[in-house]
Amino acid sequence: MEFIAATNNPGKMAEMRRILERMGHTVRSQREAGVTLEPEENGTTFAENARIKARAICEAAGTATIADDSGLCVDALDGRPGVYSARYCGVHGDDEANNQLLLKELENVPEPRTAHYGAAIALCRPGHEPLIVYGACEGEILRAYRGEGGFGYDPLFMSSDLGVTFAEADPESKNRVSHRAVAIRALLTRLEEEGE
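What counts, and where the lines are drawn
- Residues numbered from 1 in each chain as written.
- Predicted model: local features only at pLDDT ≥ 70, side-chain atom pairs only at ≥ 80, totals over all residues.
- Heavy atoms only, no water.
- Pairing = 2+ DSSP bridges.
- Helix = DSSP H or I, 4+ residues; strand = E, 2+ residues; numbered from the N terminus.
- Axes fitted to C-alpha atoms, helices over the stretch in contact; angles between N-to-C directions.
- Polar contact = N/O pair within 3.5 Å; in protein donor to acceptor, adjacent residues only side chain to side chain.
- Contact = heavy atoms within 4.5 Å.
- Core = buried A, V, L, I, M, F, W, Y, C linked by side-chain atoms within 4.5 Å.
- Buried < 20%, exposed > 50% of the residue type's maximum accessible area, 1.4 Å probe, protein only.
- Phe/Tyr/Trp six-rings, centres within 6.5 Å; stacked < 30°, edge-to-face > 60°.
- 1 Å grid on protein atoms, 1.4 Å probe; cavity = no way out; pocket = protein on both sides within 12 Å on 5 of 7 lines; lining within 4 Å.
- Points joined across faces, edges and corners; volume = space filled by probe spheres on them.
- Nonpolar A, V, L, I, M, F, W, Y, C, P; charged D, E, K, R; others polar.

Visitor: Any chance you could explain the sheet that holds strand β1 (residues 2-5) here in plain terms?
Guide: The strand order across the open sheet built from 6 strands is β2-β1-β3-β4-β5-β6, with neighbouring strands paired in mixed fashion. Where the open sheet ends on each side, the last strands, each with one partner, are β2 (26-29) and β6 (157-159). Adjacent strand axes in the sheet meet at a mean angle of 40 degrees, parallel and antiparallel pairs treated alike. Bridging between strand β3 (residues 65-74) and strand β4 (residues 114-124) involves 10 bridges; their strand directions are antiparallel.

Spelled out as structure tokens, the structure:
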């Protein structure tokens with residue numbers, strides 16, 4: 001199947017492309033499809049934001065579109081930063097400032113500082129109801145950065161599955177266990193059940 005991915009985030013796009021292409025699907029970015037929309041993500045859940053993005057790009061492009069909304073949910077912070085993960089510090093996409101704020105807020109929280117990455121993926125297709133699935137992966141937040149890869153909170157997120165941070169993990173390992181990979185596999189299973 002061919003999808004457009006409703007994202008302008010290069011890190012997220014690279015992950016989605018690697019995961020989907022490994023599973024035999026084609027994915028193009030919305031830029032590659034000539035769609036320049038930036039839908040306002042004003043939902044209160046990952047699922048709402050994913051649906052908003054997928055629907056807007058699907059309507060503009062007229063073809064199957066997937067969108068994810070994802071983030072870090074820290075138990076000691078009652079699930080924050082959650083849907084505000086990319087703009088936790090008040091500026092969208094400032095990974096360093098987001099990480100520094102997270103470390104400051106967890107400064108007096110003892111280990112283990114448990115957390116999970118969560119991802120909702122929405123698929124919108126002309127003539128179909130949206131499909132929405134959720135994926136999660138467990139871990140904990142470290143007190144200092146480890147690793148050079150990944151993006152976002154990856155240098156602080158110690159994966160329970162891998163025993164290293166997502167920034168230390170090679171892309172293949174991360175894409176096997178990540179919240180996004182879990183959600184994409186769930187989506188593809190739903191599509192198989194539909195006979196797509």
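Visitor: I'm lost on the side chain of Asp-68 in this one. Help?
Guide: Secondary-structure assignment places Asp-68 in strand β3. A distance of 3.3 Å separates a polar atom in the side chain of Asp-68 from a polar atom in the side chain of Ser-70. Residue contacts for Asp-68: discarding those within four places in its chain leaves Lys-12, Ala-50, Lys-53, Ala-119, Ala-120, Ile-121 and Arg-180.

Visitor: Quick question: what am I supposed to make of the nonpolar core here?
Guide: Generally speaking, nonpolar side chains in soluble globular proteins are found buried as a group. The biggest cluster of nonpolar side chains holds 20 residues, and the ones touching the most others in it are Phe-3, Leu-20, Ile-66, Ile-121, Leu-123, Ile-184 and Leu-187. Counting residues per element, this core draws most heavily on helix α5 (residues 179-194), which supplies 6 residues. Setting aside anything within four residues of it in sequence, one finds Ile-184 in contact with Met-16, Ile-19, Leu-20, Met-23 and Ile-121. The next biggest cluster of nonpolar side chains, apart from the first, holds 16 residues, and it includes Tyr-88, Ile-141, Tyr-153 and Leu-156.

Visitor: Would you mind showing me how to read the packing of aromatic side chains here?
Guide: Ring pairs (aromatic) are described by centroid distance and by the angle formed between their planes. One pass over the structure, following the stated rule, counts 4 aromatic pairs. Ring centres 6.5 Å apart and planes at 20 degrees place the aromatic pair Phe-46 and Tyr-134 in the stacked group. With Phe-46 in helix α2 (residues 46-61) and Tyr-134 in strand β5 (residues 131-141), this pair connects stretches of sequence that are 88 residues apart. Accessibility expressed as a relative area gives 8% for Phe-46, which makes it buried. Given a relative accessible area of 43%, Tyr-134 falls into the partly exposed group. Measuring from centroid to centroid gives 5.8 Å for Tyr-117 and Phe-166, while their planes differ by 5 degrees, and the two rings are stacked. Of this pair, Tyr-117 sits in strand β4 while Phe-166 is found in the loop between β6 and α4 (171-177), placing the two residues 49 residues apart along the sequence. Owing to a relative accessible area of 5%, Tyr-117 belongs among the buried residues under this scheme. Counting every residue linked through ring pairs, the aromatic cluster contains Tyr-117, Phe-157 and Phe-166.

Visitor: It is not clear to me how the layout of surface pockets should be interpreted in this structure. Could you clarify?
Guide: Summary: where empty space remains is shown by rolling a probe the size of a single water molecule over the atoms. In this structure, the largest pocket encloses a volume near 700 Å³. Elements that contribute at least two residues to the lining of the largest pocket include exactly α1 (10-22), α2, β3, α3 (95-105) and α5. Examining the composition of the lining of the largest pocket, we find that 4 residues originate from one element, β3, more than from any other. A breakdown of the residues in the lining of the largest pocket according to their chemical character gives 10 nonpolar, 13 polar and 12 charged.

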